[in-house]
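Survey of secondary and tertiary structure
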Amino acid sequence: MESYAIALLYATPFFIGLVLVEILYGRFVKNQKHNVMDTVSSLSSGLTNVVKDSLGLVLILVSYPFLLEHLALVEINSTWLVWVVAFIALDFAGYWNHRLSHHINFFWNQHVIHHSSEEFNLACALRQPISNLLGYYALLLIPAALLGVPEKVIAILAPIHLFAQFWYHTQHIGKMGWLEYVIVTPSQHRVHHAINKEYIDKNLGQIFCVWDRMFGTFQEELDEVPPQYGVLKPAETWNPIIINFQHLWRLMQDAWRTRNYWDKMRIWFMPTGWRPKDVKIKYPVKIIENVYNFKKYQPETSTALKGYALFQLIMTTMLMLFMFYNYSEIGFDGLLLFGAYIFVGIYGYTTLMDRKSYAVWIEIIRGVAGLALIYMTNDWFGLDGFLPLGSYWVAVYFLITIFGGIYFTFFEKSLISPDLAS
Ligand SMILES: [Zn+2]
Ligand SMILES: [Zn+2]
């Protein structure tokens, strides 16, 4: 896990840098595809994902080394061939996992976060799950195991394969000629993120679009059908942690409420969106019907709150980078505690962005908890060893968090006029 933390230490500034480039480009060509709150929410979602993954919080059902040991039929000796075969096998597994995530209720829960943005830009690529708690992915890598691809090759290629899916989340690149027949392009992936009936659940490929063409899920972007982004049941929150468990929560409620015992069992494995008849009538859920005419989520906000959300995001990112930087020194228990501060932090400030009045309590409690830890340990997870007075600055940050929570809940909210709510 430490090597993953090191990779993220470099990858995070790189991704954030490219998001900034896209924002500046959008400004320059006067075609901005970002809005502050949505982008803060997307980047915060990325932070939750990398913190969770770096801690290895997943229950492995089947591991790749286990399959390799029992299934390998051959051993490929040529080194370059191993890498090529492994990459194709990973992409094939990725296609089927993605297809499973789109089509089965239970699996949709871990993927809905990625589709939850109503914008389409580089930041939305970073909306990655924390609700993928079951490690079954190795099963999809059976072809690689049969071919004897070493575990190390998979471990190196997996993050590269994931990171290579970042660039095509943009509206600034048009169709790409012959490449449209080989790899997934921005145009194809715009179709994938769209909820238009022509586009939904299409283009499930990750790097190569060949799988979509082979298995009948390919759809070209059409001039007459402009993609409309989001999910049919809108998330209606900036809080990525809530979005990660929203669908699961609805399934649990439906399974509990339905009177039909067969439905209680099968709801988990039915097609995405399927609900038992009785609860569907008794507890209707809002679904977007006209994709060309729905109101994007945008609770009332202000320039000050937008600036404050950015400040919170930057501070959380810096704290997380320090967590990765000092990964081995902090130790697992410390990392869990550090991760908890980051999670509660993101929960708190995104709830404040949602203008929920209970946000103030989360902000006060986490602020006090942060100050208490600094007071008790006289440090912030070893920060003072790297940065003189580092823990002092973290304490100032927690103080700002407490006052920010109070200000945006009790003072600014009453000052807001309706025309600011855009
Ligand atoms: Zn998808
Ligand atoms: Zn995507």
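The paragraphs below set out a description of the structure included in this document. (Residues numbered from 1 in each chain as written. Chains lettered and ligands numbered in written order. Predicted model: local features only at pLDDT ≥ 70, side-chain atom pairs only at ≥ 80, totals over all residues. Heavy atoms only, no water.)

A few words now on the coordination of the zinc ion (ligand 2). Protein coordination of the zinc ion (ligand 2) is provided by His 114 (NE2), His 169 (NE2), His 189 (NE2) and His 193 (NE2), with donor distances spanning 2.0 to 2.1 Å. Sequence positions of the residues that donate to the zinc ion (ligand 2) give the spacing H-x54-H-x19-H-x3-H. In this structure, the zinc ion (ligand 2) lies 5.9 Å away from the zinc ion (ligand 1). Pair noted here: His 189 and His 193 are both in helix H10 (residues 186-193), with a separation of 4 residues, about one helical turn. The buried category is assigned to His 193, whose relative accessible area is 4%. (Donors = N, O, S within 2.8 Å, 3.2 Å for Na, K, Ca; no water. Helix = DSSP H or I, 4+ residues; strand = E, 2+ residues; numbered from the N terminus. Buried < 20%, exposed > 50% of the residue type's maximum accessible area, 1.4 Å probe, protein only.)

Ideal values differ by geometry: the angle at a metal is 109.5 degrees with four tetrahedral donors, but 90 or 180 degrees with six octahedral donors. Taken together, the protein ligands of the zinc ion (ligand 1) are His 98 (NE2), His 102 (NE2), His 111 (NE2), His 115 (NE2) and His 192 (NE2), with distances of 2.0 to 2.2 Å. Ordering the donors of the zinc ion (ligand 1) by residue number gives the pattern H-x3-H-x8-H-x3-H-x76-H.

Next up on the list: the packing of helix H2 (residues 36-54) against helix H16 (residues 327-353). Look at H2 against H16: their axes get within 10 Å of each other, and the N-to-C directions meet at 155°. Here H2 lies roughly antiparallel to H16, going by the angle between them. H16 is crossed by H2, and the crossing has left-handed handedness. Across from Met 37, Val 40, Ser 41, Ser 44, Leu 47, Thr 48, Val 51, Lys 52 and Ser 54 in H2, the residues of H16 making contact are Tyr 327, Gly 339, Ile 342, Phe 343, Ile 346, Tyr 349, Thr 350 and Met 353. Within the contact of H2 with H16, the residues separate by chemical class into 10 nonpolar, 6 polar and 1 charged. (Axes fitted to C-alpha atoms, helices over the stretch in contact; angles between N-to-C directions. Parallel < 35°, antiparallel > 145°, perpendicular 65-115°, else oblique. Left-handed = near helix turned anticlockwise from the far one by under 90°. Contact = heavy atoms within 4.5 Å. Nonpolar A, V, L, I, M, F, W, Y, C, P; charged D, E, K, R; others polar.)

Looking now at the packing of helix H4 (residues 79-103) against helix H9 (residues 151-163). Helix-helix packing is characterised by the crossing angle of the two axes and by the distance between the axes. Close contact between H4 and H9 brings their axes to 10 Å; oriented N to C, the two are set at 55°. Between H4 and H9, the angle is such that the two are oblique. Relative to H9, the crossing made by H4 is right-handed. Seen from H4, the contacting residues are Val 82, Trp 83, Ala 86, Phe 87, Leu 90 and Asp 91; seen from H9, they are Val 153, Ile 156, Leu 157, Ala 158 and His 161.

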